[in-house]
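Examination of the molecular architecture
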Amino acid sequence: MKVGDSWKRDFMMNWSVYLLFLPVFAFFIVFAYLPMFGVVMAFQDFSAVRGFFGSTFVGFQNFIEFFSGPNFLTILRNTLVISMMGLFLGMPITIAFALMLNELTFLPFKRTVQTISYMPYFVSAVVIAGLVIEFVSSNGIITNLLVTVFGIKRENLLLNASYFWGLNFFTDLWQGLGYGAIIYIAAISGVSQEQHEAAAIDGATRLRRIWHVTLPAIRPTIVTMLVLRLGMIMTVGFDRILLLYNPSIYSTADVIATHVTRMGIERMQYGYSAAVGLFNSVIGTFLLITSNYISRKVSETSIY
């Protein structure tokens, strides 16, 4: 049977499945693949009036302008620090939270904790940013707590650049802790109870069983999530940062994504913004491929 005939036969048998897939296919074509043509802007002094074919070609000038700019190292540092804090601090905390939830035996309390931890994820970033702005104002609840406990200077914490990394980290943790733990809870639920029972018979404590039974069992899930997070290390929650930051804290709050937004929308430097976005995407793709390759070689676990 020819390949074309087998495809037609499969289509006739499963036409309803293909029909359901059609909107997904159209979505990726329209919003993922067709916009790739816009990459050409990165090599142009792009003008919305002249368009793609009328704008002046400038080669790598936009990239040179970004790399040699006075803010390049600061923006890159902020992006990496914020991403690394989420990766090396946020991810272990999320895994620990999932493990603690799994150890709870009183179901009503467990479900209550899960529900409360999930709720912030479904709140709009605008609302979250508004709450944070209110909490860390000069008379906000968080500011009052820090002044009372640690004796810091009373001020609006979002006007002090030294506080932004910590505030952003805890905001991200607060909003994403419960939702991020879902996949680990699902992986933990698949761990064989027979292994736990055997370890308990051998005298292993609860912590020992977590370390020697649960964690090794969910290691493939942890590695997969780690690879995905490494691939997105250049991408941070810029929507929340964009709502929180201000010129007085650009030194620690400005990241690549917000820099692209500001230069593209506010200053209309479309070619420059496209070049910075392309650089970000290339680095992210490289990190994803590299981390996946290393993971496959070291732990025999990979996403492809």
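Look above for the structure.
Below, the structure is looked at part by part. Residue numbering note: each chain is counted from 1, following its sequence as written. Local features in a predicted model are, by the rule used here, given only for residues with pLDDT of at least 70; side-chain atom pairs are given and counted only at 80 or more, and totals for whole chains, interfaces and linings are based on all residues. Where side-chain values are given, they derive from all heavy atoms of the structure, hydrogens and water being excluded.

1. What about the overall build of the protein?
What the protein contains, in helices and strands, is 17 helices and 2 strands. Each radius of gyration reported is based on C-alpha atoms, and the globular scaling rule is 2.2 Å times the count of residues to the power 0.38. Compactness check: the protein gives a C-alpha radius of gyration of 24 Å against a globular reference of 19 Å for 304 residues, more than 25% above the reference. Along the first, second and third principal axes, the C-alpha atoms of the protein reach 80 × 75 × 35 Å. Residue exposure (1.4 Å probe, protein chains only): buried if accessible area is under 20% of the type maximum, exposed if over 50%, otherwise partly exposed. In the protein, which comprises 304 residues, the share counted as buried stands at 35%. In the protein, once contacts between residues fewer than 6 apart in sequence are set aside, the share between residues at least 24 apart is 61%. Summed over all atoms, the accessible surface of the protein reaches about 18800 Å², with 69% contributed by carbon and sulfur. The convention is simple: Lys and Arg are positive, Asp and Glu are negative, and His and the chain ends are not counted. Where a charge lies is defined by one atom per residue type: Lys uses NZ, Arg uses CZ, Asp uses CG and Glu uses CD. Side-chain charges of the protein comprise 19 positive and 15 negative groups, with the mean position of each set lying 2 Å from the other. Under the DSSP-based scheme used, a helix requires at least four consecutive residues in state H or I and a strand at least two consecutive residues in state E, with every element numbered from the N terminus. Here a residue-residue contact requires only that any non-hydrogen atoms of the pair lie within 4.5 Å. Using a 1.4 Å probe, accessible areas were evaluated by the Shrake-Rupley method; residue-level cover was limited to the displayed protein chains.

2. As for the packing of helix α10 (residues 182–189) against helix α13 (residues 219–231)
Closest axis-to-axis distance for the α10/α13 pair is 9 Å, and the angle between their directions is 160°. Taken together, the axes of α10 and α13 are roughly antiparallel relative to one another. Once α10 is placed against α13, the crossing between them reads as right-handed. For the pair α10 and α13, contact is made by Ile-183, Tyr-184 and Ala-187 and by Thr-221, Ile-222 and Met-225, respectively. Per-class residue counts for the contact of α10 with α13 are 5 nonpolar, 1 polar and no charged. Angles here are taken between N-to-C directions and fall from 0 to 180 degrees, while the axes themselves are lines fitted to C-alpha atoms, restricted in helices to the stretch in contact. Geometric relationships in this document are graded by angle, where less than 35 degrees denotes roughly parallel, more than 145 denotes roughly antiparallel, 65 to 115 denotes roughly perpendicular, and other angles denote oblique. Each crossing is labelled by how the near helix is turned from the far one, with a counterclockwise turn of less than a right angle marking it left-handed and a clockwise turn marking it right-handed. Only Asp, Glu, Lys and Arg are considered charged, only Ala, Val, Leu, Ile, Met, Phe, Trp, Tyr, Cys and Pro nonpolar, and every remaining residue, Gly among them, polar.

3. Focus on the pattern of salt bridges
Here, a salt bridge means any Lys or Arg side-chain nitrogen found within 4 Å of an Asp or Glu carboxyl oxygen. The final tally for this structure, using the stated rule, is 3 salt bridges. The salt bridge involving Arg-262 is made with Asp-254; its shortest N-O contact spans 2.7 Å. Relative accessible area serves as the criterion here: at 8%, Arg-262 is assigned to the buried category. Take Asp-254: its relative accessible area is 5%, and that puts it in the buried class.

4. Re the side chain of Thr-252
Looking at where Thr-252 falls in the secondary structure, it is placed in helix α15 (residues 250–253). For Thr-252, the residues in contact, after removing those within four places along its chain, are Arg-77, Asn-78, Ile-82, Ala-161, Phe-164 and Trp-165.

5. Section: the packing of helix α9 (residues 164–180) against α10
At a minimum axis separation of 5 Å, α9 and α10 run at an interaxial angle of 25°. Classified by the angle their axes make, α9 and α10 are roughly parallel. Judged by residue contacts, Gly-178, Tyr-179 and Gly-180 of α9 engage Ile-182, Ile-183 and Tyr-184 from α10. Looking at the contact of α9 with α10 residue by residue, the classes come out as 4 nonpolar, 2 polar and no charged.

6. Looking at the packing of aromatic side chains
Note on ring pairs: Phe, Tyr and Trp rings are taken, using the six-membered ring of Trp, and paired if centres are within 6.5 Å. Classes follow the plane angle, with under 30 degrees stacked, over 60 edge-to-face and the rest tilted. Following the criterion strictly, the structure yields 23 aromatic pairs and no others. Centroid distance Phe-27 to Phe-28: 5.5 Å. Interplanar angle 90°. Geometry classified as edge-to-face. An angle of 85° between the planes, with centres 5.4 Å apart, marks the rings of Tyr-121 and Phe-122 as edge-to-face. On the basis of relative accessibility, which here comes to 37%, the residue Tyr-121 falls in the partly exposed class. Among the aromatic residues, those joined into a ring-pair cluster are Phe-37, Phe-46, Phe-52, Phe-53 and Tyr-270. A positively charged side chain is recorded as over a ring if its NZ (Lys) or CZ (Arg) lies within 6 Å of the ring centre. The angle to the ring normal must also be within 35 degrees. For the cation-ring pair, Arg-262 lies above Tyr-250, with the distance from its terminal atom to the ring centre recorded as 4.6 Å.

7. Quick look at the layout of surface pockets
Over the atoms, a rolled probe matching the size of one water molecule traces out where space is still vacant. Taken as a whole, the largest pocket holds about 1100 Å³ of empty space. Tyr-121, Asp-172, Gly-176, Arg-229 and Met-232 are, among the 33 residues lining the largest pocket, the residues nearest its centre. Contributions of two or more residues to the lining of the largest pocket are made by α5 (72–103), α9, α10, α13 and α14 (238–244). If you tally residues by element for the lining of the largest pocket, the top one is α9, at 10 residues. By residue class, the composition of the lining of the largest pocket is 19 nonpolar, 10 polar and 4 charged. In the cavity and pocket records, a cavity denotes points on a 1 Å grid over the protein atoms alone where a 1.4 Å probe fits but cannot get out, a pocket denotes an open set with protein on both sides within 12 Å along at least 5 of 7 lines, and lining residues are residues with an atom within 4 Å of a point. Grid points are joined across faces, edges and corners, and a volume is the space filled by probe spheres set on the points. For the second largest pocket, the calculated volume is near 390 Å³. Forming the boundary of the second largest pocket are 13 residues, of which Ala-32, Pro-35, Met-36, Val-39 and Ser-281 lie nearest the centre. Ranked by the residues each element gives to the lining of the second largest pocket, the list is headed by helix α17 (residues 270–298), at 5 residues.

8. Considerations on α5
Multiplying 1.5 Å by the residue count of a helix minus one yields the expected span of that helix. Under the 1.5 Å per step criterion, the end-to-end length of α5 is 46 Å for 32 residues, consistent within 8% with the ideal 46 Å. The angle between axes fitted to the seven residues ending at a residue and the seven residues starting there is what we call the bend at that residue. Roughly 35° is the biggest bend found in α5, and it falls at Gly-90, with proline Pro-92 one to four residues downstream.

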